[in-house]
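Chains, contacts and geometry: an overview
Here are the chains, one letter per residue:
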Amino acid sequence: EHIRDEDDPWRLVRLKSADGKYLIAVGQEIEYREDLAMDIVEEFMLPWVTGFAFLLLAIVGLTYIEFRPLKKLARQIKRRQADDLTPISTEKAPVEVLPLLKAMNHIFSKIEALLGRERSFISDSAHELRTPLTALKIQLEIAQMAKDDEQLRTQTLDKLAKGLERAEHLVEQLLALSRLEANNGHYDNQEILNWPDIIQQLIDEYTPNAAKKDIRFIKRISSGQAPFSTGNHILAAMLLRNLIDNAVKYSPTGATVTILTGGGELAVINSGETVDEPVLQRLSERFFRPAGQKETGSGLGLAIVERIAGIYNCRLSFANTAEGFKATIHKS
């Protein structure tokens, strides 16, 4: 309010005395109060605001400097070709990003290995498919040329049927191996496997073919667990099926095929058969077939067995024993 003879406004506080006879008033000029408040702000707040501004600038500058290596790394990765999987140099990299770079290089190496396997698989598959397709084409041409020769036509059609069966088996094996590589070990591994039942089912399945060569099966279940007791039932059956298929196919007439499990092993033994030591080392290679084989095959069965075994941290090994040739799955 305004006081008489004063142009500037004042702020007054009034209070009555205890006896009520007097009115006590205390006043202060508004302009003085404002000047005092500004002085306090300038004295205490201005240095703090200025310091905060410098601190903020310093943080921004340091952040920019520290993140320059990451930006440089991002530019290097962006400029890379899609097929460039060489490791990223870690010589001048900041300590903070070294774990990230090492993890990226590890991923690059895994991707490079996967792509290498895929390229090799495609190349080998194309080569292996070309042979049966060429044979089928030749047999078809012979059947067309047979005309009225019923015997020749019948023989040619029989060979054509066998060729188609072989091509079908090869494609099935290729697809199985391709699925194994594509899934890269990501399967439902929580299913409890009943190995005695799986063994019996496969024996029943192969008994008709085995009977043609007078081959008999022996099932031997010993104490202890198989190399893996939980996993994907389809993969487990595929693993054992390929081992039994090889045993029946390459065993001589009158042989015995023994399937045993327990003691941390799963093994198939075919009597009357031995394999040379140099060949033993290559049996699980893709498309490898020893020279002089009369039986048809794709050379992929044992490669599939080894791949499935690897999914469950197991190993495939071969040996010539007193009982015969033995293929064994056991823990790595």
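Structure's up top.
Residues numbered from 1 in each chain as written. Predicted model: local features only at pLDDT ≥ 70, side-chain atom pairs only at ≥ 80, totals over all residues. Heavy atoms only, no water.

Next up on the list: the packing of helix α5 (residues 233-250) against helix α7 (residues 301-311). One way to put it is that α5 packs onto α7 with a least axis distance of 9 Å and a crossing angle of 145°. Of the two elements, α5 crosses α7, and the hand of that crossing is left-handed. Of the residues in α7, those in contact with L235, M238, L239, N242, L243 and N246 of α5 are G301, L302, I304, V305, I308, A309 and I311. For the contact of α5 with α7, a count of residues per class yields 10 nonpolar, 3 polar and no charged. (Axes fitted to C-alpha atoms, helices over the stretch in contact; angles between N-to-C directions. Helix = DSSP H or I, 4+ residues; strand = E, 2+ residues; numbered from the N terminus. Left-handed = near helix turned anticlockwise from the far one by under 90°. Contact = heavy atoms within 4.5 Å. Nonpolar A, V, L, I, M, F, W, Y, C, P; charged D, E, K, R; others polar.)

Let's shift gears to the packing of aromatic side chains. Under the definition given, this model contains 4 aromatic pairs. Summarising the aromatic geometry, the rings of W48 and F52 are spaced 5.7 Å apart at their centres and angled 5° between planes, so their arrangement reads as stacked. Residue W48 and its partner F52 are both found in helix α1 (residues 30-79); the two are separated by 4 residues, about one turn of the helix. On the basis of relative accessibility, which here comes to 57%, the residue W48 falls in the exposed class. For F52, a relative accessible area of 45% corresponds to the partly exposed category. A centroid spacing of 5.5 Å and a plane angle of 80° characterise the contact between W195 and F228, whose relative ring orientation is edge-to-face. With a gap of 33 residues between them, W195 in helix α4 (residues 195-212) and F228 in the loop between β3 (216-221) and α5 connect regions that are remote in the sequence. (Phe/Tyr/Trp six-rings, centres within 6.5 Å; stacked < 30°, edge-to-face > 60°. Buried < 20%, exposed > 50% of the residue type's maximum accessible area, 1.4 Å probe, protein only.)

Here strand β1 (residues 10-16) runs beside strand β2 (residues 23-29); their pairing, made up of 7 bridges, is antiparallel. Bridge pairing in β2 links V13 to V26. The antiparallel hairpin formed by β1 and β2 contains 6 residues in its connecting segment, where G20 sits at a positive phi of about 80°. (Pairing = 2+ DSSP bridges.)

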